[in-house]
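So the chains spell out like this:
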Amino acid sequence: MGPISEGELRDLIKQGQATWETLLWRDGMSAWQPVSELPEFSAAFVTPPTLPLKPPPVQALPVVAVANVAIDAKRSLPLQSRPWPRFWARSIDTLLLGPVIIFGAAVAFIFHAPDLYLQMMAMNAGLLGIIVLPALGLLLAILMVLTGTTPGKAIVGVRVLVPEGRNRVAFFFSRELKVWAAEWGLGIPILNLYTQSRQYSLLAASQPAS
């Protein structure tokens, strides 16, 4: 439906009629894009939109026409992202896949490097966790490239869209590197408390995470 102004589109977002994956088009675009890929609108999704008391008429959903913006409401899905769902999705991935990585490494060391296995078993749990985080990020990047999701994201309902024109492999691997540094603080205690608080503050202030 449309055309509509940017202000009217923001109202639709607040009402829950335009959601994270609603497709949008305006002059200058070569194709429809999810509204989440445009910074000027993605900030409106810091909190889940409030659903209207009465459902909008069916004819209002198929297409949005707006001054210089049009959106396809047929593909709209409920917003389930930022910032706490993202935190829980990452935490679930860590709890599920971290032990898998440690177990796989232990089995490999038993057969190929027994001395390393003994050192691993004697290692401080906190230090072991710091070492595992980069391997976890690598595994999550591979899962995102191959399937587009991870166990935690699938459970919580969080999706990560690849920006238009970006290489899928490079995007997900660089993203995991940034998460490891800017969110988990390299796994270093106290430092990661600061970095995670910092990312929450950015999202709560309608700014993109690092």
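Scroll up a little and you will see the structure.
Rules of the game
- Residues numbered from 1 in each chain as written.
- Predicted model: local features only at pLDDT ≥ 70, side-chain atom pairs only at ≥ 80, totals over all residues.
- Heavy atoms only, no water.
- Helix = DSSP H or I, 4+ residues; strand = E, 2+ residues; numbered from the N terminus.
- Polar contact = N/O pair within 3.5 Å; in protein donor to acceptor, adjacent residues only side chain to side chain.
- Contact = heavy atoms within 4.5 Å.
- Expected span 1.5 Å × (residues − 1).
- Bend = angle between axes of the 7 residues up to and from the residue.
- Buried < 20%, exposed > 50% of the residue type's maximum accessible area, 1.4 Å probe, protein only.
- Axes fitted to C-alpha atoms, helices over the stretch in contact; angles between N-to-C directions.
- Parallel < 35°, antiparallel > 145°, perpendicular 65-115°, else oblique.
- Nonpolar A, V, L, I, M, F, W, Y, C, P; charged D, E, K, R; others polar.
- 1 Å grid on protein atoms, 1.4 Å probe; cavity = no way out; pocket = protein on both sides within 12 Å on 5 of 7 lines; lining within 4 Å.
- Points joined across faces, edges and corners; volume = space filled by probe spheres on them.

Trainee: Explain unusual backbone geometry here, please?
Mentor: Trans peptide bonds make up most of the peptide bonds, and negative phi angles are found at most residues other than glycine. In the Ramachandran plot, leucine 186 falls in the positive-phi region, its phi being about 60° despite a non-glycine side chain. Within the secondary structure, leucine 186 sits in the loop between helix H7 (168-183) and helix H8 (191-204). The phi angle at isoleucine 190 is positive, at roughly 75°, despite the residue not being glycine. Along the chain, isoleucine 190 turns up in the loop between H7 and H8.

Trainee: Any chance you could explain the side chain of threonine 195 here in plain terms?
Mentor: Tracing the backbone through its elements, the reader meets threonine 195 in helix H8. Of note is the side chain of threonine 195, whose polar atom sits 2.6 Å from the backbone oxygen of glutamate 183. A polar contact is formed between the side chain of threonine 195 and the backbone oxygen of asparagine 192, at a distance of 3.1 Å. Setting aside residues up to four positions removed in sequence, threonine 195 forms contacts with Ala181, Ala182, Glu183, Trp184 and Gly185.

Trainee: Sorry if this is basic, but what is going on with helix H3 (residues 84-112) here?
Mentor: Working note: α-helix, 3.6 residues per turn, so residues spaced by three or four point in the same direction. Look at H3: 41 Å from first C-alpha to last across 29 residues, which is about the 42 Å you get at 1.5 Å a residue. At leucine 97, H3 shows its strongest bend, of approximately 30°, with the proline proline 99 following within four residues. Three or more residues of H3 are buried, namely Ala89, Arg90, Ser91, Asp93, Leu97, Gly98, Ile101 and Ala106.

Trainee: Explain the packing of H7 against H8 to me, please; I cannot follow it from the model alone.
Mentor: Contact geometry of H7 with H8 gives a least axis separation of 8 Å together with a crossing angle of 115°. Classified by the angle between their axes, H7 and H8 sit roughly perpendicular to one another. Residue-level inspection shows Ala181, Ala182 and Glu183 of H7 in contact with H8, the latter providing Asn192, Thr195, Gln196 and Gln199. Here the contact of H7 with H8 is built from residues that sort into two nonpolar, four polar and one charged.

Trainee: Help me out: how do you make sense of empty space enclosed by the protein in this one?
Mentor: With a probe scaled to a water molecule rolled over the atoms, the places where space remains empty come into view. Considering all chains together, one arrives at two cavities of 30 Å³ or more under this definition. Every residue along the wall of the largest cavity is listed here: Arg90, Leu133, Leu136, Gly137, Leu140, Glu176, Val179, Trp180 and Trp184. Residue assignment for the lining of the largest cavity shows that the elements contributing at least two residues are helix H5 (125-147) and H7. Among the elements that take part in the lining of the largest cavity, H5 stands out by supplying four residues, more than any other. For the lining of the largest cavity, the residue count by class is six nonpolar, one polar and two charged.

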